[in-house]
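Fold and contact review
Single-letter residue listing:
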Amino acid sequence: MSAGERSRRARASGRSGRRGEWLALALLTAKGYRLLERRFGGKGGEIDLIMARGDSVVFVEVKLRGSLDAAALSITAEKRRLVEMRVRQWLARNPWAMDRALRADAVFLAPWRLPRHVPGVFALRL
């Protein structure tokens, strides 16, 4: 695979990822969640959406794959570790949230399927 082809694939993947985030955001907003931040992080990973609802702050991973099962399987132990690292960084910048219930959720997306929101997809170990 040439560098140009890799670059095209990366751009296409980025576009579909952003569309997936918008769909997840619309779903969660309809469920009463409020957006706090998008794409928090950077080198080494990011949290796709940070949402609030009631006294909870929710860190949301959005996974778009060919099937909902494949999307669910894409949250690996390494991905959890990276999310937890970013959650700690976000909490250091937002100490007001330490008094809130903190949760890791996921929204799984696949073509021609309804999105699946999974609250508490994994336990945060902070």
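Everything numeric here is computed off the predicted structure, so don't read it as measured data.

A few points about helix H3 (residues 77-93)
Taking 1.5 Å per residue, 17 residues should reach 24 Å; H3 reaches 25 Å between its end C-alpha atoms and fits that length. Taken residue by residue, H3 has Lys 79, Leu 82, Val 83, Glu 84, Arg 86, Val 87, Trp 90 and Leu 91 as its buried positions.

Digging into the nonpolar core
Buried together is how nonpolar side chains tend to be arranged in soluble globular proteins. Ranked by size, the top nonpolar core spans 19 residues in total, and within it Ile 50, Phe 59, Val 87 and Trp 90 carry the most contacts. Taken together, the elements giving at least two residues each to this core come down to strand E2 (45-53), strand E3 (56-64), helix H2 (68-73), H3 and strand E4 (101-109). The greatest single-element share of this core, amounting to 4 residues, is contributed by H3. Residues Ala 24, Leu 49, Val 60 and Val 107 belong to the second largest nonpolar core, which totals 11 residues.

Overview of the packing of aromatic side chains
All chains considered together, the criterion is met by 2 aromatic pairs. The interplanar angle of 80 degrees and the centroid separation of 5.5 Å between the aromatic rings of Phe 59 and Trp 90 together place this pair among those described as edge-to-face. Here Phe 59, found in strand E3, pairs with Trp 90, found in helix H3; they are 31 residues apart in sequence, far enough to count as distant. Trp 90 matches Phe 59 in its accessibility class, with the two residues each being buried.

Here's the deal with the pairing of strand E5 (residues 116-122)
With 4 bridges connecting them, E4 and E5 associate as antiparallel partners. The partner of Val 107 across the bridge, within E5, is His 117.

As for the pattern of salt bridges
For the structure on display, the rule yields 7 salt bridges. We note a salt bridge from Arg 38 to Glu 21, for which the minimum N-O separation is 3.0 Å. Linking Arg 38 in strand E1 (residues 34-42) with Glu 21 in helix H1 (residues 3-30), this pair joins segments that are 17 residues apart in sequence. In this structure Glu 21 comes out as buried when scored by relative accessible area, which is 6%. Glu 84 is the salt-bridge partner of Arg 125, the closest N and O atoms lying 3.6 Å from each other. Residue Arg 125 is located in the segment after E5, and its partner Glu 84 is located in helix H3; the two are separated by 41 residues in the primary sequence. Using a relative accessible area of 59% as the deciding quantity, one classes Arg 125 as exposed. Look at the salt bridges and you will find they share partners, linking Glu 21, Arg 38 and Arg 39 into a network.

What counts and how
Residues numbered from 1 in each chain as written. Predicted model: local features only at pLDDT ≥ 70, side-chain atom pairs only at ≥ 80, totals over all residues. Heavy atoms only, no water. Helix = DSSP H or I, 4+ residues; strand = E, 2+ residues; numbered from the N terminus. Expected span 1.5 Å × (residues − 1). Buried < 20%, exposed > 50% of the residue type's maximum accessible area, 1.4 Å probe, protein only. Core = buried A, V, L, I, M, F, W, Y, C linked by side-chain atoms within 4.5 Å. Phe/Tyr/Trp six-rings, centres within 6.5 Å; stacked < 30°, edge-to-face > 60°. Pairing = 2+ DSSP bridges. Salt bridge = Lys/Arg side-chain N within 4 Å of Asp/Glu carboxyl O.

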